[in-house]
Amino acid sequence: MNEVTIKVEGMSCGGCVANVTGVLKALSGVSEAQVSLADASATVRYDPATVSVEALRAAVENAGFDAPA
Ligand code: 9UX
């Protein structure tokens, strides 16, 4: 398992945090996601053989937020 922290911009409330947490955890290969509204970030534990950081970012973007590299 690897751990990465990605930027997540555009979250406004705890509901956004829950939504981003949910979309990340729903991805195959993701075991843990800790999303911070204050830090505008998500720290994710994932299996790099199953899912890429780019796929994590894409899932966040598809949920309506910005995940700049
Ligand atoms: Mo809060 Mo976010 O009312 O997608 S849930 S702004």
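Everything numeric in this text was worked out from a predicted model, so none of it was measured.

### Remarks on the site of the ligand
No. 1: Taken together, S12, C13, G15, C16 and N19 make up the full set of residues adjacent to the ligand.
No. 2: Taken together, the residues of the shell around the ligand sort by class into 2 nonpolar, 3 polar and no charged.

### Topic: the pairing of strand β3 (residues 41–46)
No. 1: Residues A42, V44 and Y46 line the buried face of β3, whereas the alternating positions S41, T43 and R45 sit on a face that is not buried.
No. 2: The pairing of strand β1 (residues 2–7) with β3 spans 6 bridges and is classified as antiparallel. Each bridged residue has a counterpart across the sheet, and for E3 the counterpart in β3 is R45.
No. 3: With 6 bridges joining them, strand β2 (residues 30–36) and β3 adopt antiparallel strand pairing. Directly across from E32, in β3, lies its bridge partner R45.

### Considerations on the confidence of the model for the protein
No. 1: The predicted model of the protein has a mean per-residue pLDDT of 98, with 100% of residues at 70 or higher.
No. 2: Prediction confidence for the complex, expressed as pTM and ipTM, is 0.97 and 0.94 respectively.

### Details of unusual backbone geometry
No. 1: Even without glycine at this site, A40 takes up a positive phi of about 50°.
No. 2: For A40, a count of 15 C-beta atoms within 10 Å corresponds to the partly exposed category.

### A word on the environment of T43
No. 1: Structurally, T43 can be placed in strand β3.
No. 2: Looking at T43, the number of C-beta atoms within 10 Å reads 15, which means it is partly exposed.
No. 3: C-alpha separation for the pair T43 and K25, spaced 18 residues apart in sequence, amounts to 11 Å.
No. 4: If we ignore the near neighbours within four places in the chain, the residues touching T43 are E3, T5 and Q34.

The rules behind each value
For every chain, the first residue of its written sequence is number 1, and the numbers climb from 1 along that sequence. Local features in this predicted model are restricted to residues whose pLDDT is 70 or higher, and side-chain atom pairs enter the listing and the counts only when it is 80 or higher, whereas totals over whole chains, interfaces and linings include all residues. Residues are classed as near a molecule or strand if the C-beta position derived from their backbone is within 6 Å of it. Classification used: nonpolar for Ala, Val, Leu, Ile, Met, Phe, Trp, Tyr, Cys and Pro, charged for Asp, Glu, Lys and Arg, polar for all others including Gly. Three exposure classes are used, based on other C-beta atoms lying within 10 Å of a residue's own C-beta, which is placed from the backbone: buried for 20 or more, exposed for 12 or fewer, and partly exposed in between. Here a helix means four or more residues in a row that DSSP labels H or I, a strand means two or more in a row labelled E, and each is numbered from the N terminus. For two strands to count as paired, DSSP must find a minimum of two bridges between them. Per-residue confidence from the prediction method is given by pLDDT, with values spanning 0 to 100. Contacts here follow a simple rule: the backbone-placed C-beta atoms of the two residues must lie within 7 Å.

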